Amino acid sequence: MPHSANRTPQNKSDVKSDNSAASNGKKHTRSKKNWIPVVAGILKKGNTILVGQRPETHTLGGLWEFPGGKIEMGESPEYALQRELREELGIEAEIGDLKIACTHSYGDVGILILFYEVLFWKGEPKAQHHTGLEWVEPSTLPTRNIPEANRKNLPRIYKAFNL
């Protein structure tokens, strides 16, 4: 066996230890967040995109958001978005490619948001969950009351969806 395979560490930086915190008497605490996977769809009509206003009684009530919602256990993201668009807007949609994946924390809850392009849909979107729907010019989004998770990713959203 070559000598290097049995090499004795020459200094402390060569030694890796999983219990280094225990050896120096300090306890590492890492806060665990609850993570929620969420899908969002970008629906385009001409030079506009669809946003919906969240009900006041819900988390982030009154804010304008892209349609979508939580991915349930056992669902693919694409299926979850189809289901959410059916429930929220009353449409049957064909989901395109994943364009952006990003994270955001709201206190001790983290969300992973997967943004998809909605290629086609059957039916006219109707507010079945939201208090209102609007087709807006993307350039107006920074002036709207939108969730921070969306606001901080607007430049990426604009670029990925050619808005």
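As a starting point, this report considers the structure included with it. Here the structure is a predicted model, which is why all the values come from computation and not from measurement.

### What about the environment of leucine 112?
Line of reasoning, step 1. Secondary-structure assignment places leucine 112 in strand S7 (residues 109-122).
Line of reasoning, step 2. When its relative accessible area of 32% is taken as the criterion, leucine 112 is described as partly exposed.
Line of reasoning, step 3. It is 6.2 Å that separates the C-alpha atoms of leucine 112 and isoleucine 36, two residues lying 76 residues apart in sequence.
Line of reasoning, step 4. Those residues in contact with leucine 112 that sit more than four places away from it in its chain are Trp35, Ile36, Pro37, Val38, Cys102 and Thr103.

### Brief notes about the nonpolar core
Line of reasoning, step 1. With 19 residues, the main nonpolar core has Phe66, Ile113, Phe115, Leu141 and Ile157 as its most contacted residues.
Line of reasoning, step 2. Residue assignment for this core shows that the elements contributing at least two residues are strand S1 (34-42), strand S3 (48-53), strand S6 (92-106), S7 and helix H4 (154-160).
Line of reasoning, step 3. With sequence-adjacent residues up to four places away left out, phenylalanine 66 is seen in contact with Ala40, Gly41, Ile42, Ile49, Leu50, Val51, Phe115, Leu141, Asn150 and Ile157.
Line of reasoning, step 4. Core analysis: the second largest hydrophobic core is formed by 14 residues, Leu43, Leu50, Leu85 and Ile91 among them.

### A closer look at unusual backbone geometry
Line of reasoning, step 1. Positive phi, normally seen in glycine, also occurs at asparagine 162, with a value near 50°.
Line of reasoning, step 2. Its location among the elements puts asparagine 162 in the segment after H4.
Line of reasoning, step 3. Residue classification places asparagine 162 among the exposed positions, given a relative accessible area of 68%.

### Points about the packing of aromatic side chains
Line of reasoning, step 1. Tallied over the full model, the rule gives two aromatic pairs.
Line of reasoning, step 2. Ring geometry for phenylalanine 66 versus phenylalanine 115: centroids 6.0 Å apart, planes at 80°, classification edge-to-face. Of this pair, phenylalanine 66 sits in the loop between strand S4 (64-65) and strand S5 (68-70) while phenylalanine 115 sits in strand S7, and the two are 49 residues apart along the sequence. Neither phenylalanine 66 nor phenylalanine 115 differs from the other in exposure class; each is buried.
Line of reasoning, step 3. For the ring pair tryptophan 121 and tryptophan 135, a centre distance of 6.0 Å and an interplane angle of 20° mean the geometry is stacked. Taken together, the residues span a long stretch of sequence, with tryptophan 121 in strand S7 and tryptophan 135 in strand S8 (residues 132-136) at a distance of 14 residues.

Calculation rules
Residues numbered from 1 in each chain as written. Predicted model: local features only at pLDDT ≥ 70, side-chain atom pairs only at ≥ 80, totals over all residues. Heavy atoms only, no water. Helix = DSSP H or I, 4+ residues; strand = E, 2+ residues; numbered from the N terminus. Buried < 20%, exposed > 50% of the residue type's maximum accessible area, 1.4 Å probe, protein only. Contact = heavy atoms within 4.5 Å. Core = buried A, V, L, I, M, F, W, Y, C linked by side-chain atoms within 4.5 Å. Phe/Tyr/Trp six-rings, centres within 6.5 Å; stacked < 30°, edge-to-face > 60°.

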